[in-house]
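Residue strings, one per chain:
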Amino acid sequence: MIPADNKTISALFEARAARAAGQLESAHANYLVCLRAGLRVHLEQADILVRLHREREAEQLLSNALRDNPNDEVIRFSYAVLLSNGGKNSEAISEYSRIISRFPSNADAHFNRAKLLFMSERLDEALRDFLKVAELDTSSADPLANAGLILLRQGKQSEAVHVLRQALGRRPNSPEVMRTLASALGVNTEARALYEAVVKAQPEHPEILTDYGFFLLSSGDACRADRHFIAALGVSPHDQSALAGRYLAALDRNDEILVRHLMDYPNLIGSEILNPNDPCDVESLRQAVLSHPNLRWEPAGRSTSQGQQTTSLDLSASSPFGNFARCMHAFVERQIQRLKKYSQQTSHPWLRSIPSQWKLQAWATVLSQDGRQRPHIHPAGWMSGAFY
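Residues numbered from 1 in each chain as written. Predicted model: local features only at pLDDT ≥ 70, side-chain atom pairs only at ≥ 80, totals over all residues. Heavy atoms only, no water.

### Overview of the overall build of the protein chain
Argument step 1. Scanning the protein chain for helices and strands turns up 19 helices and three strands.
Argument step 2. Counting only C-alpha atoms and orienting by the principal axes, one finds that the protein chain spans roughly 80 × 60 × 45 Å.
Argument step 3. Within the protein chain, the fraction of its 388 residues that count as buried is 41%.
Argument step 4. Partitioning the contacts of the protein chain with sequence separation of at least 6, the portion at a separation of at least 24 is 52%.
Argument step 5. The protein chain carries 43 positive and 43 negative side-chain charges, and their two centres are separated by 1 Å. (Helix = DSSP H or I, 4+ residues; strand = E, 2+ residues; numbered from the N terminus. Buried < 20%, exposed > 50% of the residue type's maximum accessible area, 1.4 Å probe, protein only. Contact = heavy atoms within 4.5 Å. Lys, Arg positive; Asp, Glu negative; His and termini not counted. Charge placed at Lys NZ, Arg CZ, Asp CG, Glu CD.)

### What to know about the packing of aromatic side chains
Argument step 1. Across all of its chains, the model carries eight aromatic pairs by this definition.
Argument step 2. Taking 5.5 Å as the distance between ring centres and 75° as the angle between the ring planes, the aromatic pair formed by Phe77 and Tyr96 counts as edge-to-face. Of this pair, Phe77 sits in helix α5 (residues 73-85) while Tyr96 sits in helix α6 (residues 89-102), and the two are 19 residues apart along the sequence.
Argument step 3. An aromatic cluster is defined as three or more aromatic residues linked by ring pairs; in this entry it consists of Tyr195, Tyr212 and Phe215. (Phe/Tyr/Trp six-rings, centres within 6.5 Å; stacked < 30°, edge-to-face > 60°.)

### A short note on the sheet that holds strand β1 (residues 296-297)
Argument step 1. Spatial ordering of the open sheet is given by β1-β2-β3, a layout of three strands whose pairing is antiparallel. With one partner strand each, in any of the chains shown, β1 and β3 (365-373) form the two edges of the open sheet.
Argument step 2. Pairing geometry for strand β2 (residues 304-309) and β3, over five bridges, is antiparallel. Bridged to Gly307 within β3 is Leu367. (Pairing = 2+ DSSP bridges.)

### Things to note about the pairing of β2
Argument step 1. Relative to β2, β1 runs antiparallel, the two being bridged by two bridges. Counterpart to Trp297 in the pairing with β2 is Gln308.
Argument step 2. Counting the residues that bridge the hairpin from β1 to β2 gives six residues, and of these Glu298 lies at a positive phi of roughly 40°.

### What about helix α4 (residues 55-68)?
Argument step 1. For α4, with 14 residues, the first-to-last C-alpha span of 20 Å sits near the 20 Å given by 1.5 Å per residue.
Argument step 2. Ala58, Glu59, Leu61, Leu62, Ala65 and Leu66 are the residues of α4 that are buried. Down the axis of α4, the sector holding all buried residues measures 160°, keeping them to one side. Projecting away from the buried face of α4 at angles above 90 degrees are the exposed residues Arg56, Arg67 and Asp68. (Expected span 1.5 Å × (residues − 1). Arc of directions from axis to C-beta.)

### Things to note about the pattern of salt bridges
Argument step 1. In this structure the tally under the stated criterion is 29 salt bridges.
Argument step 2. With its nearest N and O atoms 2.8 Å apart, the salt bridge here joins Arg122 to Glu125.
Argument step 3. A relative accessible area of 27% places Arg122 in the partly exposed class.
Argument step 4. Glu125 sits in the partly exposed class, given a relative accessible area of 29%.
Argument step 5. Salt-bridge contacts for Glu256 lead to Arg260; the nearest nitrogen and oxygen are separated by 3.9 Å. On the criterion of helical spacing, the pair formed by Glu256 and Arg260 is a turn pair, its members being four residues apart in helix α16 (residues 256-262). Each member of the pair, Glu256 as well as Arg260, is classed as exposed.
Argument step 6. It is possible to trace a salt-bridge network through shared partners that takes in Arg16, Arg19, Glu44, Asp47 and Arg51. (Salt bridge = Lys/Arg side-chain N within 4 Å of Asp/Glu carboxyl O.)

### Thoughts on the side chain of His228
Argument step 1. Mapping His228 onto the fold places it in helix α14 (residues 222-235).
Argument step 2. At 3.0 Å, the side chain of His228 forms a polar contact with the backbone oxygen of Arg224.
Argument step 3. If near-sequence neighbours (up to four positions away) are discounted, His228 is found in contact with Leu209, Tyr212, Gly213 and Leu216. (Polar contact = N/O pair within 3.5 Å; in protein donor to acceptor, adjacent residues only side chain to side chain.)

### Remarks on a nonpolar patch on the surface
Argument step 1. A cluster of nonpolar residues, Met263, Tyr265 and Ile269, forms a patch on the protein surface that exposes about 300 Å² of accessible area.
Argument step 2. Position of Met263 relative to the elements: it lies in the loop between α16 and α17 (265-268).
Argument step 3. For Met263, a relative accessible area of 32% translates into the label partly exposed. (Patch = residues over 30% accessible without salt bridge, like charges linked within 9 Å, V, L, I, M, F, W, Y side chains within 5 Å. Areas by Shrake-Rupley, 256 points an atom, 1.4 Å probe, with all protein chains shown as cover.)

### A look at the side chain of Arg153
Argument step 1. Inspection of the secondary structure puts Arg153 in helix α9 (residues 142-153).
Argument step 2. For Arg153, a relative accessible area of 18% puts it in the buried group.
Argument step 3. Once you skip the residues sitting within four places of it in the chain, Arg153 turns out to touch Phe118, Glu121, Leu123, Ala300, Gly301 and Arg302.

### Here's the deal with the environment of Gly186
Argument step 1. As for its placement among the helices and strands, Gly186 is situated in the loop between α11 (175-185) and α12 (189-201).
Argument step 2. The spacing of Gly186 and Gln157 is 29 residues in sequence and 9.2 Å in space, taken between C-alpha atoms.
Argument step 3. Beyond its immediate chain neighbours, meaning those up to four positions away, Gly186 contacts Gln157, Ala191 and Phe215.

### Overview of unusual backbone geometry
Argument step 1. Even without being glycine, Glu121 reaches a positive phi, approximately 65°.
Argument step 2. Residue placement: Glu121 occurs in the loop between α7 (107-119) and α8 (123-136).
Argument step 3. In this structure Glu121 comes out as buried when scored by relative accessible area, which is 11%.

### Some remarks on the packing of α6 against α7
Argument step 1. Axis separation between α6 and α7 bottoms out at 9 Å; the angle between their running directions is 150°. Judged by the angle between their axes, α6 and α7 are roughly antiparallel. Pair α6 / α7 crosses with left-handed handedness. Packed against α6, whose contacting residues are Asn89, Ala92, Ile93, Tyr96, Ser97, Ile99 and Ile100, the element α7 presents Ala109, His110, Asn112, Arg113, Leu116, Leu117 and Met119 at the interface.
Argument step 2. Tallied by class, residues from the contact of α6 with α7 come to nine nonpolar, four polar and one charged. (Axes fitted to C-alpha atoms, helices over the stretch in contact; angles between N-to-C directions. Parallel < 35°, antiparallel > 145°, perpendicular 65-115°, else oblique. Left-handed = near helix turned anticlockwise from the far one by under 90°. Nonpolar A, V, L, I, M, F, W, Y, C, P; charged D, E, K, R; others polar.)

Next up, the structure:
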C-alpha cells in the first residue's frame, strides 16, 4: 500500500462507514477514489459490487488485481468464489488449483475445489480432495461425509461404510452422517437403529422421514412406510420423494384407488410438438449436445444405462442452449397454467404446491443401442420433463 493523502484517507473512512450503513452507492463511489489512489481495497469494493448485483464488474476488478498482484492468494480465493457463484466452475477449479499448487495445505481451497469437481461429475478427483481435507483437518466430519456420498454414487458400498463410520467418529450423533451411514448399510438391524435414532432426534425433518419410509418399504412394511411419507408431506407438501413413496406403498398394499389418484396421467401430463416457428433449431441443439465438454459415458450415480449424459447445461441467453431454454420456459409456463386450472377440480397432493417462482435446469442424454433410463425421480424439482 502506498502512502495516502488526507482526501484518500477521508474517502476510505466514508466508504467503510457507508458500507456498514448499507449505503452501497456511496460506498462504491468512495472506494473508487481509494482504488484510483492506489489503495488495495479490491476485496471491499468487490463485496459492494456483488451486493449491487454487479457480479461481472466484481469479477473484472479482482481479475485486474490478480494481474498486478498474482501472488495475492486472498484475492485469488475470493475471485474463485465469485467465479463459482457465477456458474463458471471450470475457471474456479483452475483458480483453486493455482492456490493449492503454492499452498498444498490450504484445506479451504481443497474443499471448495472438491465441491466443484463433484458438481462437474469428476468424482475421482473430488474424492481425492475430500480425503485430503480430512487429512488436513482432523476435526471436521464434512469431508469424510462427502467422501462417503461419492463412494456410494460409485457403487463402493463397503468403502463408503468405512469412511462414514470415520465421519461419525468425528461427529457422534450427527443426524446427517447417521442417515447417510444407514443408507449405505442397506436393510439390516444396524441401519434400522440408526434411522430410528435420527427420526427421534429430528421427527419433523421431511427428508429423514422419507428415507426411513423407503427403508421400511424395502423391509416389507408398506403401512408404516406410508405413515412416514404422509408425515413428510405434512411438513413439506412439495416433497417429490415422499409422493413417490406414497405411490410405491399404495402398490405394495394393492390400494388401486390411491394408485389411480396419484398417477392421474391424462390430467397431470402435458405434451406438445415443437412449433416450426419456435427459435429452437433441433440440428444446432444436437450438435451442441454431442460437442458438450462434459458428455460422459454412464456417469456414476446417474440413471443413464448404455449411454452418455452431460452435467447441467448452460441455459443463459448467449449459450448454444439459450433458444432451447426459451422454448422450454414457455412450455412450462403453459403447463403450469393448465395445472392451476385442474387443481380447482382435484385434491391431488402434488398440486397443493404449484410454485409461483421457478427456474429451469436441464441436461442432455445420448443413448446408444439398447440404451435406457433406469426408473428414477428428481427430488429437487417440482416438475420433470423430456425433450426428444
